[in-house]
Amino acid sequence: MGKEDARADSRRRLRESGSQTDGEDVFDEADGHCRGAFAKLDEVSEKLDKVLTRLGELEAMQDRVAELEKENKSLQESLNTAQAAIDDLNSSSTATCAALETHAKNLEDLSAKIKHLECRNIKLEAYTRRENLKVFNIPEGRGESTSAEDQLKKVMRDKLKIPEEDIEQIRFERVHRIPTKGLQGQNSKPRPIITKFSFFQDKEYVWSFVKNLKNTNISIANDFRREIDEIQKTLYPILEKAKQRKQTTYFKVDKLIINGQIYRALMTDHSLNLLSLNARGLSNFRKRRTIFTWCRKRNSDIIFLQETHSILSTQLKWKNEWGAERICSHGSSNSRGGAILIKKGLDCVIHSQIVDTSGRYIVVKPLSKIKCMFL
């Protein structure tokens, strides 16, 4: 029994000593787990703080995005309003351009009508003056006691060699000196005498004796307006050349008749208005229309255009847009090219022309009944 008690006591002591060691190990292990858990809690807490901070920033960003969306919406509305205004302006601009074209065409038509009416008025006034004659270089004395009609009859009898009995039968509506603005000095020319015959046949009869005034200082002329006098002055060199060739030639108001053929000058201005322009490309329709309208407003008779950048396929379209005669030398769509535009209604015919096929020059010989020119 003694041995068994000793063994039991020994086993008891072993159990007691082993139990104490296991408890200590468990406590240490639990303490380590708690510390790790607290560290992780601290880490989680720190991360939560950062997340909360980020959430605040995110809310601020969301507010800013909302403001930006609001501003963007306002800008979009403004842009739509501006676009609508631009569309309205484009529509009104197109309508204005169309109206300007219409007005330009109407103005051109009115200008042509006015010119036609001016010519007609000149011819009508020439018709009302057809019984008038102007006599130049009949001396006038100071005070002039003799009437202008008596002085005219004396010239008709002594210079024109008209028979006395015919002079007595001629009837006058009015005979007087043409007034002058300046004072009559001793060396000034005598004022012309203008007479209106009662009958056109009497005037023509007196005119038939005008050849008798050769080698005298007295001359006779029809009473025409200044425009017709300028036309006759322009045509006079042609008349002289025709007389040298022994051709039948005479004036009929504003026309020169040579062997039955009529030579006519411009009624209001016998000179030509020329215009030269570097177009720098007319491929664009709007620019071409603007240039053509500007040329018409300049009222030039012949326009020379350089650097038109025209091609053969556009020839008919350009002719229709200009609406009158034109000669083109075509280059390419972006270089060279030239054109000569002739005003609508200008009295001239193209006699011959030389056109460079590379679009560098044009030589034209227009022919009118006044003269021939090289352009």
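Only a predicted model underlies this, so the values are computations on that prediction, with no experimental measurement involved.

Spanning 13 residues, helix α6 (residues 285-297) covers 18 Å between terminal C-alpha atoms, matching the ideal 18 Å at 1.5 Å per step. Residues of α6 that are buried include every one of R288, I291, F292 and C295, and no others. In a view along the axis of α6, the buried residues occupy a sector of 95°, so they form one face of it. Among the exposed residues of α6, those oriented more than 90 degrees off its buried face are R286, T290 and K297. Buried positions along α6 lie against β8 (274-278), β9 (302-306), α7 (315-322) and β11 (338-342). With a side-chain oxygen positioned 3.0 Å from the backbone nitrogen of R286, the residue opening α6 is N284. Once α6 ends, the next one or two residues include N299, with phi positive near 55°.

Scored by pLDDT, the protein chain comes out at a mean of 81, with 82% of its residues at no less than 70. Low pLDDT (under 50) marks residues 266-270, which in the prediction has twelve contacts with non-local residues, meaning those over four places away or in another chain.

When strand β5 (residues 249-252) meets strand β6 (residues 255-258), the two strands line up antiparallel, connected through four bridges. Residue pairing across strands places K252 opposite K255, the latter belonging to β6. The turn linking β5 back onto β6 is made up of two residues, and V253 within it adopts a positive phi angle of 60°.

Strand order across the open sheet formed by four strands is β8-β9-β11-β10, with mixed pairing between neighbours. Looking along the sheet, the strands with just one partner apiece sit at the ends: β8 and β10 (326-329). On average, each strand axis in the sheet is tilted by 10° relative to the strand beside it, whichever way the strands run. Direction of pairing for β10 relative to β11: antiparallel, over a ladder of four bridges. Directly across from C328, in β11, lies its bridge partner A339. Together, β8, β9 and β11 form the strand contacts of α6, whose direction differs from that of β8 by roughly 155°. In the packing of α7 onto the sheet, contacts are made with β9, β10 and β11, and the angle to β10 comes to roughly 145°.

Moving on to the side chain of S329. With respect to the secondary-structure elements, S329 resides in strand β10. Overall, S329 belongs to the buried group, its relative accessible area being 1%. Here D356 takes part through its backbone oxygen, which lies 2.5 Å from a polar atom of the side chain of S329. Residue contacts for S329: discarding those within four places in its chain leaves S310, G337, G338, V355, D356, G359, R360, Y361 and I362.

Running from N to C, α6 and α7 point in directions that differ by 40°, and their axes come no closer than 10 Å. Considering the angle they form, α6 stands oblique to α7. Crossing of α6 over α7 shows right-handed handedness. Here F285, R288, F292, C295 and R296 of α6 come into contact with α7, specifically with K317, W318, E321 and W322. Of the residues assigned to the contact of α6 with α7, the class counts are five nonpolar, no polar and four charged.

This paragraph deals with the sheet that holds strand β1 (residues 132-136). Whenever strands of a sheet pair, they do so through backbone hydrogen bonds, lying parallel or antiparallel. Taken in spatial order, the four strands make up an open sheet running β2-β3-β1-β4, and their pairing is antiparallel. Of all strands in the sheet, those with a lone pairing partner are β2 (172-177) and β4 (219-222), marking the two edges. Pairwise comparison of adjacent strand axes, ignoring direction, gives a mean angle of 20° for this sheet. Pairing between β2 and strand β3 (residues 193-197): five bridges, direction antiparallel.

Right, let's get into empty space enclosed by the protein. One pass over the full model with this rule turns up one cavity of 30 Å³ or more. Contributing to the lining of the largest cavity are L133, V135, L152, M156, T195, F197, V206 and I220. Tallied by class, residues from the lining of the largest cavity come to seven nonpolar, one polar and no charged.

Bringing the layout of surface pockets into the picture now. Put simply, the second largest pocket is a space of about 1100 Å³. Taken together, 28 residues line the second largest pocket, and the ones lying closest to its centre are W207, N222, F224, Q232 and F251. Contributing elements (two or more residues each) for the lining of the second largest pocket: α1 (2-128), β1, α4 (200-207), β4, α5 (226-244) and β5. Counting residues per element, the lining of the second largest pocket draws most heavily on α5, which supplies seven residues. For the lining of the second largest pocket, a count of residues per class yields 14 nonpolar, four polar and ten charged.

On the surface, a cluster of nonpolar side chains totalling about 470 Å² of accessible area is made up of V51, L52, L55, L58 and M61. Inspection of the secondary structure assignment puts L55 in helix α1.

For the rest of this paragraph, the subject is the pattern of salt bridges. Two side chains that carry opposite charge are able to pair once their charged atoms sit near each other. The full count for this structure, using the stated rule, is 21 salt bridges. Between K47 and E43 there is a salt bridge, with its nearest N and O atoms 3.5 Å apart. A residue pair is termed a helical-turn pair when its members lie 3 or 4 positions apart in one helix, as K47 and E43 do in helix α1 at four residues. Residue E43 is classed as partly exposed on the basis of its relative accessible area, which comes to 44%. In this structure, the salt-bridge partner of E227 is R226, at a minimum N-O distance of 3.8 Å. When its relative accessible area of 14% is taken as the criterion, E227 is described as buried. Three or more residues joined by partner-sharing salt bridges are found here, namely E125, R129, D223, R225, R226 and E227.

About the cut-offs
Residues numbered from 1 in each chain as written. Predicted model: local features only at pLDDT ≥ 70, side-chain atom pairs only at ≥ 80, totals over all residues. Heavy atoms only, no water. Helix = DSSP H or I, 4+ residues; strand = E, 2+ residues; numbered from the N terminus. Expected span 1.5 Å × (residues − 1). Buried < 20%, exposed > 50% of the residue type's maximum accessible area, 1.4 Å probe, protein only. Arc of directions from axis to C-beta. Contact = heavy atoms within 4.5 Å. Polar contact = N/O pair within 3.5 Å; in protein donor to acceptor, adjacent residues only side chain to side chain. pLDDT = per-residue confidence, 0-100. Pairing = 2+ DSSP bridges. Axes fitted to C-alpha atoms, helices over the stretch in contact; angles between N-to-C directions. Parallel < 35°, antiparallel > 145°, perpendicular 65-115°, else oblique. Left-handed = near helix turned anticlockwise from the far one by under 90°. Nonpolar A, V, L, I, M, F, W, Y, C, P; charged D, E, K, R; others polar. 1 Å grid on protein atoms, 1.4 Å probe; cavity = no way out; pocket = protein on both sides within 12 Å on 5 of 7 lines; lining within 4 Å. Points joined across faces, edges and corners; volume = space filled by probe spheres on them. Patch = residues over 30% accessible without salt bridge, like charges linked within 9 Å, V, L, I, M, F, W, Y side chains within 5 Å. Areas by Shrake-Rupley, 256 points an atom, 1.4 Å probe, with all protein chains shown as cover. Salt bridge = Lys/Arg side-chain N within 4 Å of Asp/Glu carboxyl O.

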